[in-house]
2 protein chains.
Amino acid sequence: MHGADIEKIKREYKIDGEILDFSSNINPVMPDMIGDLIVKSIDNMSCYPDIEYVDLRSSISDYLNGQRNESSCLKTNYEHIAVGNGATELIFLITRLIKGKLAIVSPTFGEYARAARINGLDFEEVSFEYLLENIYRYDNVFICNPNNPDGKIRDLENLISSTNNISSKENPINIFIDETFIEFTDNHKKYTALNYGCSNVFVFRALTKFFGMPGLRLGYLHSNDREFIKQLNQIKEPWTVNSFAEAVGRQVLKDDKFIEYTRKYYESERKYIYSKLSKIKEIEVFQTQTAFFLIRIKNSIKSSQLKEKMLLKYGILIRDASNFTGLDDTYIRIAIKDRQKNEKIIRALSDVFK
Amino acid sequence: MHGADIEKIKREYKIDGEILDFSSNINPVMPDMIGDLIVKSIDNMSCYPDIEYVDLRSSISDYLNGQRNESSCLKTNYEHIAVGNGATELIFLITRLIKGKLAIVSPTFGEYARAARINGLDFEEVSFEYLLENIYRYDNVFICNPNNPDGKIRDLENLISSTNNISSKENPINIFIDETFIEFTDNHKKYTALNYGCSNVFVFRALTKFFGMPGLRLGYLHSNDREFIKQLNQIKEPWTVNSFAEAVGRQVLKDDKFIEYTRKYYESERKYIYSKLSKIKEIEVFQTQTAFFLIRIKNSIKSSQLKEKMLLKYGILIRDASNFTGLDDTYIRIAIKDRQKNEKIIRALSDVFK
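What you are looking at is a predicted structure, and each value in this text was computed from that prediction instead of being measured.

Rules behind the numbers
- Residues numbered from 1 in each chain as written.
- Chains lettered and ligands numbered in written order.
- Predicted model: local features only at pLDDT ≥ 70, side-chain atom pairs only at ≥ 80, totals over all residues.
- Heavy atoms only, no water.
- Helix = DSSP H or I, 4+ residues; strand = E, 2+ residues; numbered from the N terminus.
- Rg over C-alpha atoms; globule rule 2.2 N^0.38 Å.
- Buried < 20%, exposed > 50% of the residue type's maximum accessible area, 1.4 Å probe, protein only.
- Contact = heavy atoms within 4.5 Å.
- Areas by Shrake-Rupley, 256 points an atom, 1.4 Å probe, with all protein chains shown as cover.
- Lys, Arg positive; Asp, Glu negative; His and termini not counted.
- Charge placed at Lys NZ, Arg CZ, Asp CG, Glu CD.
- Least-squares fit on C-alpha atoms with pLDDT ≥ 70 in both.
- Pairing = 2+ DSSP bridges.
- Right-handed = clockwise from strand over helix to strand, strands pointing away.
- Axes fitted to C-alpha atoms, helices over the stretch in contact; angles between N-to-C directions.
- Left-handed = near helix turned anticlockwise from the far one by under 90°.
- Nonpolar A, V, L, I, M, F, W, Y, C, P; charged D, E, K, R; others polar.
- 1 Å grid on protein atoms, 1.4 Å probe; cavity = no way out; pocket = protein on both sides within 12 Å on 5 of 7 lines; lining within 4 Å.
- Points joined across faces, edges and corners; volume = space filled by probe spheres on them.
- Buried area = accessible area lost by both parts, 1.4 Å probe.
- Salt bridge = Lys/Arg side-chain N within 4 Å of Asp/Glu carboxyl O.
- Polar contact = N/O pair within 3.5 Å; in protein donor to acceptor, adjacent residues only side chain to side chain.

## What about the overall build of chain A?
Summing up its helical and strand segments, chain A has 13 helices and 13 strands in all. Taking 20 Å as the expected radius of gyration for a compact globule of 354 residues, we find that chain A reaches 20 Å, a close match to that expectation. Residue burial in chain A is summarised as follows: out of 354 residues, 61% are buried. Taking all contacts inside chain A whose residues are at least 6 apart in sequence as the whole, residues at least 24 apart take part in 71%. A total of about 14,200 Å² of accessible surface is found on chain A, and carbon and sulfur atoms cover 45% of it. When the 49 positive and 49 negative side-chain charges of chain A are each reduced to one mean point, those points stand 4 Å apart.

Below, the structure is given as structure tokens:
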């Protein structure tokens, strides 16, 4: 079960009306240019997308060149980029390509473990602190930064430097960093692992969350090692990025106005929601640096009960976070939506716990 | 190398202008309703598609219930359908799921062998005649019907009955039939393997070819065995069908007018092109029952040379068919396009061989 399974929930609870979805961490706003871009791309559907997606990958590399710390002199081109059907396809491809033992820094997004399991990879779910001391035990690491479900940015400096003390070309330790939520973060150019030029540090992102388009299906992977991208493309299914995603991805990353607006909106909305929810004494709200809040329920109601109550009484879907490895049935996660909807969930939670 | 790699070809030959693409077997016409459907679906992009795609799968099963022989009393529902990012995703998922030895009836589409190779499956490329005598040697079969690149329909009656004489629940022999080109075929309801109710006969199709939308990315698999669909969904990446494909797939299969028009167009255009091309003595044109022609060059020019000549002199891209297992450098394949374009390739080929 993911967040975002809203149609499944509607079938399960036989709900016909609208549900306010706070279970999926999607920007409620899409860039203005989307409508025009899609309409202009309708005819493109009659052709296969470029099987090598060169122009799309070039646009992404241009974007990433503006995403680093200002002092960085690293430069990326399209050969450093692979594209996929959301970040998910890239996660599955990576778990097919890598060998040896994988550490998944937990609690976190469930698809890393699912992909590893499906592809027969030996993996362990470990805490960040444990990993820092025991990196030598592993060949590969998946880490989500900022992390889902707690919204925290991790400083990777120590992890990467201690990895690189023991990683070698013959026996590399690869670190795969899921940055699908990093663009919501203040000063994210300081935190992104794109600032590391090492061949064993990989970054993947998507248009899903920050650009508000989960239905478009576009994710991408950055590697300093062009050889890795080539290998990945060799085992990839062809044309997994559809022609709309190809067209939108080439334009939307240039929309600086949208990007700036979104970042400022989330910065202020995080403060607003935190200030409101932290007044509810029966819950503990964790500070977040991205697009959602992890919340711990202090009193006796369980996360699954709260989820059902919020759904049936208020028409609001929250994420029961009890199935994240390392969390329990006192945890829920809620997304940040537009102000009007945020007010509704604040009122509903205040009402439940009054 | 596939057909349809038109952007790659343009880069390779440094061509800026338009190329007439006869290398990909795509209907040049899309249903009229597409524009409206896409525009109406723009907002859907802001949500994840239904992770179980229940409505989409229901629309597909409704469509397939009208695709059988009239005497058939078989009925399909959404639980018999899996959807994927084109037929390609389904081919890759199937090769991940099946065990034992695979026969690929060749010459044929290259992705079956590529998917089998990537997924470490033991496979052999065999002729249909060989397979008929040796089906007991295999656990699984991939067969394309009508076949790419020769355009021939195969009567599967004998294959399926001799398979079922030795296939059992404990040791099944599974037959996977790629019917992505069958809707172009006259009387295809007679030939489709949807008429077989056995649990070891699987059919997959896509909207790519007949509905003219390779960029949309929607394929589907029909199984009489709901358990197989469940297993397949368990190893599937989530949300691989984008929200436009989800919306279009729910409507476009009901467009009987488009379907009827397309079938009639291809029926008459096959005859027209055959009558014209068969006058060129230096080539042998094979009769086709679908959307493309396989052609053998009798004189000394090689398929790769002809491809280059057609491209550079006439701006026409044909498929060099020499890399199909079992064919050689005397074979090319050309798609059927609209009448105006078909006239152009007829003129160009007549000119080359005059």
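## Description of the relation of the copies chain A and chain B
Note on the identical chains: chain A maps onto chain B by a rotation of 180 degrees and an axial translation of 0.0 Å, with an RMSD of 0.0 Å. These values place the two chain copies in the arrangement generated by a two-fold rotation axis. In terms of proximity to the rotation axis, the leading residue of chain A is V39(A), whose C-alpha is 3.3 Å off the axis. Here 100% of the interface residues in chain A have copies in chain B that are interface residues too; the copies meet face to matching face.

## Things to note about the pairing of strand β6 (residues 174–178) of chain B
Residue and element names in this part refer to chain B. With respect to burial, β6 is a largely interior element, five of its five residues being buried. Alternating positions in β6 separate into two faces, N174, F176 and D178 on one and I175 and I177 on the other, with burial throughout. Sheet topology places strand β5 (residues 140–144) next to β6; five bridges connect them, and they run parallel. Note that in β6 the partner of I143 across the bridge is I177. Since β5 and β6 lie parallel, the crossover through helix α7 (residues 157–166) that links them has a hand, and here it is right-handed. Sheet analysis places β6 next to strand β7 (residues 201–206), joined by four bridges and oriented parallel. Across the sheet, I175 pairs through a bridge with V201, a residue of β7.

## Some words on unusual backbone geometry
Between N148(A) and P149(A) the backbone carries a cis peptide bond, its omega angle lying at 20 degrees. Relative to the elements of secondary structure, P149(A) occurs in the loop between β5 (140–144) and α7 (157–166). Phi angles above zero are rare outside glycine, and K14(A) is one such case at about 50 degrees. If you trace the backbone, K14(A) turns up in the loop between α1 (6–13) and β1 (20–21). Judged by relative accessible area, which is 74%, K14(A) ranks as exposed. One non-glycine residue, W239(B), lies in positive phi territory at about 55 degrees. With relative accessibility at 4%, the residue W239(B) sits in the buried group.

## Let's talk about the packing of helix α3 (residues 54–65) of chain B against helix α10 (residues 243–252) of chain B
Residue and element names in this part refer to chain B. The contact between α3 and α10 brings their axes to 8 Å, and the two run at 35 degrees. Here α3 and α10 pass one another in a crossing that is left-handed. Each of D55, L56 and S59 in α3 lies in contact with α10, whose residues at this interface are A245, E246, G249 and R250. Of the residues in the contact of α3 with α10, the class split is two nonpolar, two polar and three charged.

## Examining empty space enclosed by the protein
Inspection of the entire model under this criterion finds two cavities of 30 Å³ or more. Considered as a void within the structure, the largest cavity measures approximately 140 Å³ in volume. Sorting elements by how many residues they give to the lining of the largest cavity places helix α4 (residues 86–97) of chain A first, with three residues. Along the lines of polarity and charge, the residues of the lining of the largest cavity split into nine nonpolar, four polar and three charged. Estimates place the volume of the second largest cavity at around 80 Å³. Every residue along the wall of the second largest cavity is listed here: N85(A), E89(A), L93(A), R96(A), K236(A), E237(A), T240(A), N85(B), E89(B), E237(B) and T240(B). Broken down by element, the residue count for the lining of the second largest cavity peaks at three residues, all from α4(A). The residue makeup of the lining of the second largest cavity, split by class, is one nonpolar, four polar and six charged.

## Some details on the interface of chain A and chain B
Counting residues at the interface gives 51 residues for chain A and 51 residues for chain B. Of all residues in chain A, the largest losses of buried area upon contact with chain B belong to M45(A), Y48(A) and E237(A), amounting jointly to 16% of the total for that side. Remark: the boundary between chain A and chain B carries six salt bridges. When the shortest N-O distance is used, the salt bridge between K8(B) and E52(A) registers 3.8 Å. The tally of links between chain A and chain B comes to 20 residue pairs in polar contact (both at pLDDT 80 or more). Of all the elements in the fold, those that place two or more residues in the side of chain A that touches chain B are α1, α2 (34–41), α4, α5 (111–118), α9 (226–234) and α10 (243–252) of chain A.

## What about the packing of helix α12 (residues 303–314) of chain B against helix α13 (residues 339–352) of chain B?
All names here are of chain B. In the contact formed by α12 and α13, the axes pass within 11 Å of each other and the chain directions differ by 115 degrees. Classified by chirality, the crossing of α13 by α12 is right-handed. Contact with α12, carried on its side by L306, K309, M310, K313 and Y314, involves I345, A348, L349, D351 and V352 of α13 and no other residues of that element. Among the residues forming the contact of α12 with α13, the class breakdown is seven nonpolar, no polar and three charged.

## Examining the sheet that holds strand β12 (residues 319–320) of chain A
All names here are of chain A. Read from one edge of the open sheet, four strands run β9-β10-β13-β12, paired in antiparallel fashion. Only two strands of the sheet have a single partner each, and these edge strands are β9 (283–285) and β12. Direction of pairing for β9 relative to strand β10 (residues 292–297): antiparallel, over a ladder of three bridges. Note that in β10 the partner of I283 across the bridge is I297.

## Observations regarding the pattern of salt bridges
With the rule as written, the count across this model stands at 32 salt bridges over all chains. A salt bridge links K236(A) to E89(A); the nearest nitrogen and oxygen atoms lie 3.4 Å apart. Taken together, the residues K236(A) in the loop between α9 and α10 and E89(A) in helix α4 connect sequence positions 147 residues apart. A relative accessible area of 7% means that K236(A) is categorised as buried. Here E89(A) falls in the buried class, since its relative accessible area comes to 4%. A salt bridge links E124(A) to K101(A); its shortest N-O distance comes to 2.8 Å. Taken as a pair, E124(A) in strand β4 (residues 123–126) and K101(A) in the loop between α4 and β3 (102–105) lie far apart in primary sequence, 23 residues in all. In the salt-bridge network here, residues are joined through shared partners; they are K8(A), R11(A), D50(B) and E52(B).

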